[in-house]
Amino acid sequence: MDWLDRVARLRRWTSNGVRAPHKPLLLLYALGSYQRDAGAELRYSAVEEELKRLLAEYGPSNPTTPAYPFHHMVSDGVWEVRTDQGPGSPGSGIGLLRSSGAAGRLAPGLRAALDQDPPLLGRMARVLLDAHFPASLHADLCEAVGLDLERAETGSVHGAGTAAARRQRDRRMRDLILTAYEFQCAFCGYDGALGASTVGLEAAHVRWWSHDGPDEVDNGLCLCSLHHKLFDKGVLGLGQDHRILVSQRFIGRSEASHRHVLALAGRPVIGPQPGLPPVAPRHREWHVRQVFHGAPRPPADQANPG
């Protein structure tokens, strides 16, 4: 059985293109648990709060529950659930999962495959990360689910036959975007260099590459490392008039937080240079719907009227 292909084809709920990383997050969490203790089960009542935090941090901004993937991932053949009464899931109801003592773990066939081929765990994790999340979040996400990817991963999924493996990033993307924005952060203007090389500047996809975002100038921003991470976490976004959005959910009390984040609210994006396209509305709108958290703060110059 091609477990990489099965993982790449996890069936996910879709509605109006809303991002639904529920199953990928649960499976990454399960892989992290398996790496630490191959025989452990994940009792729903014990892991519910941790899974909810994962969904809140790495899922869309609308409220959601881990009960859905805990039950429905059984149908993908990679997960099994049993209750105090025996094998089988009691359903996706939160109360039922709690009261029945429902516990889940990787399916028997998958556990056997991992036992025979330990590096498979790392390859599966890489497929999930590449297919559902931007690269800037991979390290934080692995830490959040307790997965040591460096220890698990000894090979590449390229050539494995999955859709995630077949699609290749355009290596020119970084040069195209940094040139378009004249080697400065589009949010704060940072333009640091070490000798002849830029340092701390990155090409950010607005619509994530993992969600069919193209490697094109109108889907990119040159951002410093800090603002790239905050953009991918939904703290920062882009408004209709290409002004910076700052989430009301972001709390920062220090002067540094105010200067580097809160003061950006309502500020116009820097660039791109004349003759090159700004971020396309369809990509900006995708980011606002799928990544940006909550409502935006008012422009910084209106936040504390005199």
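Residues numbered from 1 in each chain as written. Predicted model: local features only at pLDDT ≥ 70, side-chain atom pairs only at ≥ 80, totals over all residues. Heavy atoms only, no water.

Chemist: Can you break down the sheet that holds strand β3 (residues 86-87) residue by residue, with the values?
Modeler: The strand order across the open sheet built from 4 strands is β1-β4-β2-β3, with neighbouring strands paired in antiparallel fashion. One side of each edge strand has no neighbouring strand; the edge strands of this open sheet are β1 (42-43) and β3. Here β1 pairs with strand β4 (residues 103-106) via 2 bridges, running antiparallel. The residue bridging Arg-43 from the neighbouring strand is Ala-103, located in β4. Helix α2 (residues 22-36) contacts β1, β2 (79-83) and β4 of the sheet and is inclined by roughly 80° relative to β4. (Pairing = 2+ DSSP bridges. Helix = DSSP H or I, 4+ residues; strand = E, 2+ residues; numbered from the N terminus. Contact = heavy atoms within 4.5 Å. Axes fitted to C-alpha atoms, helices over the stretch in contact; angles between N-to-C directions.)

Chemist: Before we move on, could you go through the packing of aromatic side chains and cite the residues and values that matter?
Modeler: This model, assessed by the stated rule, comprises 4 aromatic pairs. Residues Phe-70 and Trp-79 carry aromatic rings whose centres are separated by 5.4 Å and whose planes lie at 85° to one another, so their mutual orientation is edge-to-face. For Phe-70, a relative accessible area of 0% puts it in the buried group. On the numbers, 5.9 Å between centres and 65° between planes, the contact of Trp-208 with Trp-286 is edge-to-face. Highlighted residues: Trp-208 in the loop between β7 (201-205) and β8 (220-224) and Trp-286 in helix α14 (residues 281-290), separated in sequence by 78 residues. Here the two residues Trp-208 and Trp-286 agree in accessibility, since each one is buried. Taken together through their ring pairs, the aromatic side chains of Tyr-44, Phe-70 and Trp-79 make up a single cluster. (Phe/Tyr/Trp six-rings, centres within 6.5 Å; stacked < 30°, edge-to-face > 60°. Buried < 20%, exposed > 50% of the residue type's maximum accessible area, 1.4 Å probe, protein only.)

Geometric values such as these leave the question of function open.
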